[in-house]
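Here's the letter readout for the chains.
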Amino acid sequence: MQHVRPAIMMILVMTLLTGLAYPLAFTALAGAVFPHQAAGSLVTIDGKVIGSEVIGQQFASAKYFHGRPSAAGNGYDAANSGGSNYAPTAKKLKDRIAADAAKLHAENPAMPVPDDLVTASASGLDPDISPAGALFQVPRIAKARNLSQEQVSALVGSLTESRLFGILGEPHVNVLKLNLALDAVRPAAK
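A brief report on the enclosed structure follows. Owing to the predicted nature of the structure, the values given are computational and were not obtained by experimental measurement.

**Things to note about helix H5 (residues 149–159)**
Within the sequence span of H5, burial applies to Val152, Leu155 and Val156. Down the axis of H5, the sector holding all buried residues measures 100°, keeping them to one side. Across H5 from its buried face, at more than 90 degrees, point the exposed residues Glu150, Gly157 and Ser158.

**Considerations on the sheet that holds strand E5 (residues 172–174)**
Pairing within the open sheet is antiparallel, and its three strands lie in the order E3-E5-E4. Because the sheet does not close on itself, it has two edges, and the strands there are strand E3 (128–129) and strand E4 (160–161). In terms of strand pairing, E4 meets E5 through two bridges, oriented antiparallel. Across the sheet, the residue bridging to glutamate 161 is histidine 172, located in E5.

**Looking at the nonpolar core**
Counting 21 residues, the largest nonpolar core has Phe65, Ala134, Val152, Val156, Leu178 and Leu182 as its most contacted members. Of all the secondary structure elements, the ones that give two or more residues to this core are helix H4 (131–145), H5 and helix H6 (175–184). Here this core gets five residues from one element, more than from any other, and that element is H4. Setting aside its immediate chain neighbours within four residues, leucine 178 contacts Phe65, Ala134, Leu155, Val156, Leu159 and Val173.

**Some thoughts on a nonpolar patch on the surface**
A cluster of nonpolar side chains, Met1, Val4, Ile8, Met9, Met10, Leu12, Val13, Met14 and Leu17, forms an exposed patch at the surface whose accessible area comes to about 880 Å². One can find valine 13 in helix H1 (residues 4–33).

**Topic: the side chain of aspartate 116**
Relative to the helices and strands, aspartate 116 is located in the loop between helix H3 (91–107) and E3. Summary of buried charges: aspartate 116 has no salt-bridge partner, and the nearest side chain of opposite charge, arginine 68, is 5.4 Å away. Of the polar contacts made by the side chain of aspartate 116, one reaches the backbone nitrogen of serine 130; its length is 2.7 Å. When sequence neighbours within four positions are dropped, the list of residues in contact with aspartate 116 reads Arg68, Pro69, Ile129, Ser130 and Gly133.

**A look at the side chain of asparagine 174**
Along the polypeptide, asparagine 174 turns up in strand E5. Separated by 3.0 Å, the side chain of asparagine 174 and the backbone nitrogen of lysine 177 make a polar contact. Once you skip the residues sitting within four places of it in the chain, asparagine 174 turns out to touch Glu53, Pro127, Asp128 and Glu161.

**What about the pairing of strand E1 (residues 42–45)?**
Two faces belong to every sheet, and in a regular strand the side chains alternate between them. As judged from the four bridges shared by E1 and strand E2 (residues 48–52), these two strands associate in the antiparallel manner. The residue bridging threonine 44 from the neighbouring strand is valine 49, located in E2. If you look at the hairpin formed by E1 and E2, you'll find two residues sitting between the two strands, and aspartate 46 has a positive phi there, around 55°.

Here is what the cut-offs are and how they apply
Residues numbered from 1 in each chain as written. Predicted model: local features only at pLDDT ≥ 70, side-chain atom pairs only at ≥ 80, totals over all residues. Heavy atoms only, no water. Buried < 20%, exposed > 50% of the residue type's maximum accessible area, 1.4 Å probe, protein only. Helix = DSSP H or I, 4+ residues; strand = E, 2+ residues; numbered from the N terminus. Arc of directions from axis to C-beta. Pairing = 2+ DSSP bridges. Core = buried A, V, L, I, M, F, W, Y, C linked by side-chain atoms within 4.5 Å. Contact = heavy atoms within 4.5 Å. Patch = residues over 30% accessible without salt bridge, like charges linked within 9 Å, V, L, I, M, F, W, Y side chains within 5 Å. Areas by Shrake-Rupley, 256 points an atom, 1.4 Å probe, with all protein chains shown as cover. Salt bridge = Lys/Arg side-chain N within 4 Å of Asp/Glu carboxyl O. Lys, Arg positive; Asp, Glu negative; His and termini not counted. Polar contact = N/O pair within 3.5 Å; in protein donor to acceptor, adjacent residues only side chain to side chain.

This is the structure we're talking about:
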């Protein structure tokens with residue numbers, strides 16, 4: 001009986017420290033040191049939140065760059081994040097990838113379809129695509145917006161982010177930032 005009271009007290013103290021004090025302290029620290037990121041990296045225009053830099057969203061119009069396919073809920077559902085859980089050999093996965101690849105190949109038969117435009121990320125919420133994935137979509141967007149392909153390609157190049165510290169990750173383009181920048185571009189005078 002003499003060991004029960006200290007054991008219960010230790011559980012209560014450690015629960016308060018690690019379950020309450022520690023998370024609150026680091027949440028406050030993150031909010032003070034990284035306020036934009038701690039608030040969700042939200043993107044606002046005229047005071048209205050239109051998205052997040054770190055959570056992908058669906059763009060269906062031909063005038064916009066499209067992100068990776070999403071298996072999260074009904075597509076880019078942040079409350080239902082996750083992959084499809086299909087095995088690489090699953091017929092449903094192979095059929096979906098083949099259908100997506102055929103559709104994209106018909107859109108731009110001159111270029112090979114980049115892998116990231118037909119494969120979903122593990123979370124289903126990836127906000128980025130590869131530079132190749134963005135450049136693949138340039139002809140469609142240039143035509144839909146009456147822009148030159150050079151204008152759209154230059155925009156992709158200017159928004160391509162390189163590897164972190166030159167070694168971590170892959171070069172990528174944030175689809176939301178790219179589409180917002182695209183909305184600001186006007187057709188070149190002819």
